[in-house]
Amino acid sequence: MSRHLFGDDVIFHQRLLKAQGLYGGTLDGRWGPLTEAADAEFERRGAGLRALGEFEARSERVLAGLHLKAQMAARRLLALAREGGLVARLVSGTRSYAEQDRLHAQGRYGNAGPRVTNARGGQSNHNFGIAWDIGLFDAEGQYLNGDTAAEIDAYRRLGALARPLALEWGGDWSSLPDVPHYQLPTGRSVAATRRLFEAGQPYA
Ligand SMILES: [Zn+2]
């Protein structure tokens, strides 16, 4: 993250920092010294988690935006996948409300592209830094889209690796399974998590 974020996204980042106890200032959407210091500490702690395993650039970029507890869990899952011979990469992680709204608009209101989400800003655990999506790839770097039994099996193996980490896997959802999706369990509704997030209170 950085100081060249604008208004809404600065508030978004301040909430993420405050909920982790890193930011003691007000949620004012201004990138001042307190936000700067909190962000530096967030990055420092995130860098410390690289001891759990280091991954390719895209995964590292996605990891850096997640809640620190999610960074820890996602790194452990990627490390287990690597040990298990799976080529797993984080393809999506934290989305600000504005980013989520842009994604929601895809395929709607005359916009091009397939619809990829039913969630608007604030309606997805991706909006609180505690959810991430993992793609599997073959040895040549080709994305496995789950077209074959072997590919489906690979995604199931990854899902099984998440269980001992006490993560929720979207592939286990009975209605609308979301196979690439993983999240920290919160034990509460997205709406309840959202209220905590917006108040800068702990939720993970
Ligand atoms: Zn997801």
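Coordinates for the structure precede this section.
Asker: Any chance you could explain the overall build of the protein chain here in plain terms?
Answerer: Helices and strands together make up the secondary structure of the protein chain, namely seven helices and four strands. For the protein chain, the C-alpha radius of gyration of 17 Å lies close to 17 Å, the compact-globule estimate for 204 residues. In terms of overall dimensions, the protein chain has C-alpha extents of about 50 × 45 × 30 Å along its principal axes. Expressed as a percentage of its 204 residues, the buried residues of the protein chain come to 33%. Long-range pairs, those at least 24 residues apart, make up 55% of the contacts in the protein chain between residues at least 6 apart in sequence.

Asker: I'm lost on helix 4 (residues 68-83) in this one. Help?
Answerer: For an α-helix the count is 3.6 residues per turn, leaving residues at separations of three or four pointing the same way. The first and last C-alpha atoms of helix 4 sit 23 Å apart over 16 residues, in line with the 22 Å expected at 1.5 Å per residue. Elements in contact with the buried residues of helix 4: helix 2 (33-48), helix 3 (57-64), strand 1 (87-92), strand 2 (131-137), helix 6 (149-162) and strand 4 (181-183). Two residues or fewer past helix 4, glycine 85 is found with a positive phi of approximately 80°.

Asker: Is there a simple way to explain the environment of leucine 167 in this structure?
Answerer: The topology assignment puts leucine 167 in the loop between helix 6 and strand 3 (168-169). C-alpha separation for the pair leucine 167 and leucine 77, spaced 90 residues apart in sequence, amounts to 9.3 Å. Apart from residues no more than four positions distant in its own chain, leucine 167 is found in contact with Ala73, Leu77, Ala162, Tyr182, Gln183 and Leu184.

Asker: So what exactly am I meant to see when it comes to the packing of helix 4 against helix 6 here?
Answerer: Between two packed helices, the angle of one axis relative to the other and the distance separating the axes together describe the packing. Where helix 4 contacts helix 6, the two axes come as close as 10 Å, and the packing angle between them is 130°. Considering the angle they form, helix 4 stands oblique to helix 6. Taken as a pair, helix 4 and helix 6 cross one another with a handedness that is right-handed. Residue-level inspection shows Leu77, Leu80 and Ala81 of helix 4 in contact with helix 6, the latter providing Leu158, Leu161 and Ala162. Partitioning the contact of helix 4 with helix 6 into residue classes produces six nonpolar, no polar and no charged.

Asker: Please clarify how the pairing of strand 2 should be interpreted in this entry.
Answerer: Along any regular strand, the residues point their side chains to alternate faces of the sheet. Note: strand 1 against strand 2, five bridges, orientation antiparallel. Residue serine 92 lies in a different strand from strand 2, and its bridge partner there is aspartate 133. Examined bridge by bridge, strand 2 and strand 4 share three bridges and lie antiparallel to one another. Bridge pairing in strand 4 places aspartate 133 opposite histidine 181.

Asker: I keep staring at the sheet that holds strand 2 and nothing clicks. Help me out?
Answerer: In a beta sheet, neighbouring strands pair by backbone hydrogen bonds and run either parallel or antiparallel. What the four strands build is an open sheet, ordered 1-2-4-3; its pairing is antiparallel. Of all strands in the sheet, those with a lone pairing partner are strand 1 and strand 3, marking the two edges. Helix 3 contacts strand 1 and strand 2 of the sheet and is inclined by roughly 45° relative to strand 1. On top of the sheet, helix 6 reaches strand 1, strand 2, strand 3 and strand 4; it is set at about 140° to strand 2, its chief contact.

Asker: Would you explain helix 2 in this entry?
Answerer: Between the first and last C-alpha of helix 2 there are 23 Å, a value that for 16 residues agrees with the 22 Å anticipated at 1.5 Å per step. Among all positions of helix 2, only Thr35, Ala38, Asp39 and Phe42 are buried. The arc that holds the buried residues of helix 2, viewed along the axis, is 100°, so those residues lie on one side. More than 90 degrees from the buried face of helix 2, the exposed residues found are Pro33, Glu36, Ala40, Arg44, Ala47 and Gly48.

Asker: Is there a simple way to explain the nonpolar core in this structure?
Answerer: Within soluble globular proteins, side chains that are nonpolar generally end up buried alongside one another. Counting 37 residues, the largest nonpolar core has Ala70, Ala74, Leu77, Trp132, Leu158, Leu167 and Tyr182 as the members making the most contacts within it. Those elements giving two or more residues to this core turn out to be helix 1 (7-19), helix 2, helix 3, helix 4, strand 1, strand 2 and helix 6. With six residues, the single largest contributor to this core is helix 4.

Asker: Honestly, the environment of isoleucine 152 in this entry has me stumped. Any pointers?
Answerer: Here isoleucine 152 shows up in helix 6. For the pair formed by isoleucine 152 and valine 179, sequence separation is 27 residues and the distance between their alpha carbons is 9.3 Å.

Asker: Would you take a moment to explain the environment of tyrosine 143 for this structure?
Answerer: If you trace the backbone, tyrosine 143 turns up in the loop between strand 2 and helix 6. Look at tyrosine 143 and you get partly exposed, because 13 C-beta atoms sit within 10 Å. Along the chain, tyrosine 143 and alanine 88 lie 55 residues apart, while their C-alpha atoms are 9.6 Å from each other. Beyond its immediate sequence surroundings of up to four residues, tyrosine 143 is in contact with Gly135 and Phe137.

Rules used in this analysis
- Residues numbered from 1 in each chain as written.
- Predicted model: local features only at pLDDT ≥ 70, side-chain atom pairs only at ≥ 80, totals over all residues.
- Helix = DSSP H or I, 4+ residues; strand = E, 2+ residues; numbered from the N terminus.
- Rg over C-alpha atoms; globule rule 2.2 N^0.38 Å.
- Buried ≥ 20, exposed ≤ 12 C-beta atoms within 10 Å, placed from the backbone.
- Contact = placed C-beta atoms within 7 Å.
- Expected span 1.5 Å × (residues − 1).
- Axes fitted to C-alpha atoms, helices over the stretch in contact; angles between N-to-C directions.
- Parallel < 35°, antiparallel > 145°, perpendicular 65-115°, else oblique.
- Left-handed = near helix turned anticlockwise from the far one by under 90°.
- Nonpolar A, V, L, I, M, F, W, Y, C, P; charged D, E, K, R; others polar.
- Pairing = 2+ DSSP bridges.
- Arc of directions from axis to C-beta.
- Core = buried A, V, L, I, M, F, W, Y, C linked by C-beta atoms within 7 Å.

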